[in-house]
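Here is how the chains run, residue by residue.
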Protein chains: 2
Amino acid sequence: MPKQVDHEERRIQIAEALQRLTARRGLEGVSLRQVAAEAGMSMGLVQHYFKNKDEMLLYALEHRAKQREARIAAKVTATGDPSPRTILRTCLLELLPHDKTTEGDYLIGIAYFVRALADPAMAAVFREGVPDVFRFFADMIRQAQAAGDVAATVDPDQEAAVLWALADSQGSNILLGHRTAADVVSTVDYYLDRLFTPGN
Amino acid sequence: MPKQVDHEERRIQIAEALQRLTARRGLEGVSLRQVAAEAGMSMGLVQHYFKNKDEMLLYALEHRAKQREARIAAKVTATGDPSPRTILRTCLLELLPHDKTTEGDYLIGIAYFVRALADPAMAAVFREGVPDVFRFFADMIRQAQAAGDVAATVDPDQEAAVLWALADSQGSNILLGHRTAADVVSTVDYYLDRLFTPGN
């Protein structure tokens, strides 16, 4: 079905044009016309695929989340150690902006977040998506507890919130330049060392 | 010096008008003209006090930070227990958007953060301010270690980064509505319980 693939590629081209513009000047300052110019397409063609910026941004967010999941799976496989700790560490590092791809993911997430603050319909995407990640993190911690790698006194749901905060907030530390990616990764590893201590 | 006080009050009125507009529609969509209308002043008067939106926002950010510090000091005093743990908990809770005042602080911080992502001069405010908070948190943890309330194996600088992340990231959880302020406070208390355990 080559036609199907073309449509998907066009959507990705448009979403990535939006994202490049957003990263340079923030979402609010970007018009559909500018997105069309950046993507090298006519306004009409862009509007054939997306009714407005919000639809584009949601598509970009979901497209990039799928790509990120695939990257995480590939990296975990490459370590040859699909343990809960390796999976959690790989997820956290992939959520942090440490190269062009992850920086793009982070910036589009911020743009969407800012939009969601003023729009309950857009906030629903976070209300559904983030708890899924929390549950996944908590499940990993429960598996590690069952294996005796994390103490039984640890609360998996609370720890999931802490781990999410470590990725989410520390990304901004890197982008604003007051901590390096290496500093932030050292905090993630420090924290995982503390968490994965059977004795406490 | 009643004239001096007037000037300061005008600046605060303008900054708070900007903040109300920012909270409703994001910083990018707000013009100087709208700020003047919201503050009930002429454009000329607003421009007498601030050259542009960036100056207003920086003033608002610094004004609110001073107010927050005063609130934290008053709350710590009210507990009658100026221990490192009480001080840290009070700081973290005051950074979280749990009422109109703290929600306003959080939103203006987000608006400034988004601006700083695209403007290195504005990012400098975070590069100077956030490390100060990290150092303060780390000092509190060192005092608690000296008193035997936190284990010597804990790394105060790494823990400062974790505590900051808990306030910074969890604020967005509340605003987007997938966790309540009570959920988030329970995570802060869970984490402080773990940190303030002399034995590990």
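If you check an unreviewed UniProt entry, chain A appears there as TetR/AcrR family transcriptional regulator from Amycolatopsis samaneae.

Asker: How would you explain the relation of the copies chain B and chain A if you had to name every residue and give the values?
Answerer: Superposition of chain B onto chain A requires a rotation of 180 degrees combined with a translation of 0.0 Å along the rotation axis, giving an RMSD of 0.0 Å. Between the two chains, the operation in question is that of a two-fold axis. Looking at the interface residues of chain B, 100% of them are also at the interface in chain A, so both copies use one shared face.

Asker: Before we move on, could you go through the interface of chain B and chain A and cite the residues and values that matter?
Answerer: Facing 41 residues of chain B, the contacting portion of chain A comprises 41 residues. By the criterion of area lost to chain A, the three top residues of chain B are Leu-176, Tyr-190 and Arg-194 of chain B, representing 20% of everything that side buries. Our count for the chain B to chain A interface comes out at 2 salt bridges. Ionic pairing is found between Glu-159 of chain A and Arg-194 of chain B, a salt bridge with its closest N-O pair at 3.1 Å. The tally of links from chain B across to chain A stands at 14 residue pairs in polar contact (both at pLDDT 80 or more). Breaking the side of chain B that touches chain A down by element, the ones donating at least two residues are α6 (100–117), α7 (120–146), α8 (156–176) and α9 (181–195) of chain B.

Asker: I'd like to hear about α8 of chain B, residue by residue, with values.
Answerer: All names here are of chain B. Taking 1.5 Å per residue, 21 residues should reach 30 Å; α8 reaches 31 Å between its end C-alpha atoms and fits that length. Two or three places before Asp-157, at the start of α8, stands the capping residue Asp-155, its side-chain oxygen 3.0 Å from that residue's backbone nitrogen. Gly-177 occupies a position one or two residues after α8 and carries a positive phi of about 85 degrees.

Asker: Please set out the UniProt feature "DNA-binding region" (unreviewed entry) in chain A residue by residue, giving values where relevant.
Answerer: Under the UniProt annotation, "DNA-binding region" (unreviewed entry) lies at residues 31–50 of chain A. Along residues 31–50 of chain A, the helical share is 75% and the strand share 0%, with 13 Å between the first and last C-alpha atoms.

Asker: Let's hear about the environment of Phe-50 of chain A: which residues, and what values?
Answerer: All names here are of chain A. With respect to the helices and strands, Phe-50 occurs in the loop between α3 (43–49) and α4 (53–79). Put simply, Phe-50 and Ser-186 are 136 residues apart on the chain and 41 Å apart in space, counted from C-alpha to C-alpha. Apart from residues no more than four positions distant in its own chain, Phe-50 is found in contact with Arg-11, Ile-14, Glu-55, Met-56 and Tyr-59.

Asker: Residue-level account of the packing of aromatic side chains, with values.
Answerer: Scanning the model with the defined rule gives 10 aromatic pairs over all chains in all. A ring pair is formed by Phe-113 of chain B and Phe-126 of chain B, whose centres lie 6.4 Å apart and whose planes are at 80 degrees; its orientation type is edge-to-face. With Phe-113 of chain B in helix α6 and Phe-126 of chain B in helix α7, the pair connects residues that are 13 residues apart, well separated along the chain. Of the two residues, Phe-113 of chain B and Phe-126 of chain B, both sit in the buried class. What links up through ring pairs into an aromatic cluster is the set Tyr-112, Phe-113 and Phe-126 of chain A.

Asker: Before we move on, can you summarise the nonpolar core with the specific residues and values?
Answerer: The biggest cluster of nonpolar side chains holds 130 residues, and the ones touching the most others in it are Phe-137 and Leu-163 of chain A together with Phe-137 and Leu-163 of chain B. Non-local contacts of Phe-137 of chain A, meaning those with residues more than four positions away in its chain, are made with Leu-88, Cys-91, Leu-92, Leu-95, Ala-160, Leu-163 and Trp-164 of chain A.

Asker: How would you explain helix α2 (residues 32–39) of chain B if you had to name every residue and give the values?
Answerer: Residue and element names in this part refer to chain B. Taken as a whole, α2 has its buried residues at Leu-32, Val-35, Ala-36 and Ala-39. Buried residues in α2, looked at end-on, bunch into an arc of 100 degrees, giving them a common side. Along α2, the residues that are exposed and aim more than 90 degrees away from the buried face are Arg-33 and Ala-37. Looking one or two residues beyond α2, the residue adopting positive phi is Gly-40, at roughly 70 degrees.

Asker: I'd like a description of the packing of helix α8 (residues 156–176) of chain A against helix α9 (residues 181–195) of chain A, backed by residues and values.
Answerer: Residue and element names in this part refer to chain A. Viewed as axis vectors pointing N to C, α8 and α9 meet at an angle of 170 degrees, and their least axial separation amounts to 9 Å. When the axes of α8 and α9 are compared, the pair comes out roughly antiparallel. Facing α8, whose interface residues are Glu-159, Val-162, Leu-163, Leu-166, Gln-170, Asn-173 and Ile-174, α9 presents Ala-181, Val-184, Thr-187, Val-188, Tyr-191, Leu-192 and Leu-195. Looking at the contact of α8 with α9, its residues break down into 10 nonpolar, 3 polar and 1 charged.

About the criteria used
- Residues numbered from 1 in each chain as written.
- Chains lettered and ligands numbered in written order.
- Predicted model: local features only at pLDDT ≥ 70, side-chain atom pairs only at ≥ 80, totals over all residues.
- Heavy atoms only, no water.
- Least-squares fit on C-alpha atoms with pLDDT ≥ 70 in both.
- Contact = heavy atoms within 4.5 Å.
- Buried area = accessible area lost by both parts, 1.4 Å probe.
- Salt bridge = Lys/Arg side-chain N within 4 Å of Asp/Glu carboxyl O.
- Polar contact = N/O pair within 3.5 Å; in protein donor to acceptor, adjacent residues only side chain to side chain.
- Helix = DSSP H or I, 4+ residues; strand = E, 2+ residues; numbered from the N terminus.
- Expected span 1.5 Å × (residues − 1).
- UniProt positions renumbered as here; feature names shortened; annotations may be inferred.
- Phe/Tyr/Trp six-rings, centres within 6.5 Å; stacked < 30°, edge-to-face > 60°.
- Buried < 20%, exposed > 50% of the residue type's maximum accessible area, 1.4 Å probe, protein only.
- Core = buried A, V, L, I, M, F, W, Y, C linked by side-chain atoms within 4.5 Å.
- Arc of directions from axis to C-beta.
- Axes fitted to C-alpha atoms, helices over the stretch in contact; angles between N-to-C directions.
- Parallel < 35°, antiparallel > 145°, perpendicular 65-115°, else oblique.
- Nonpolar A, V, L, I, M, F, W, Y, C, P; charged D, E, K, R; others polar.

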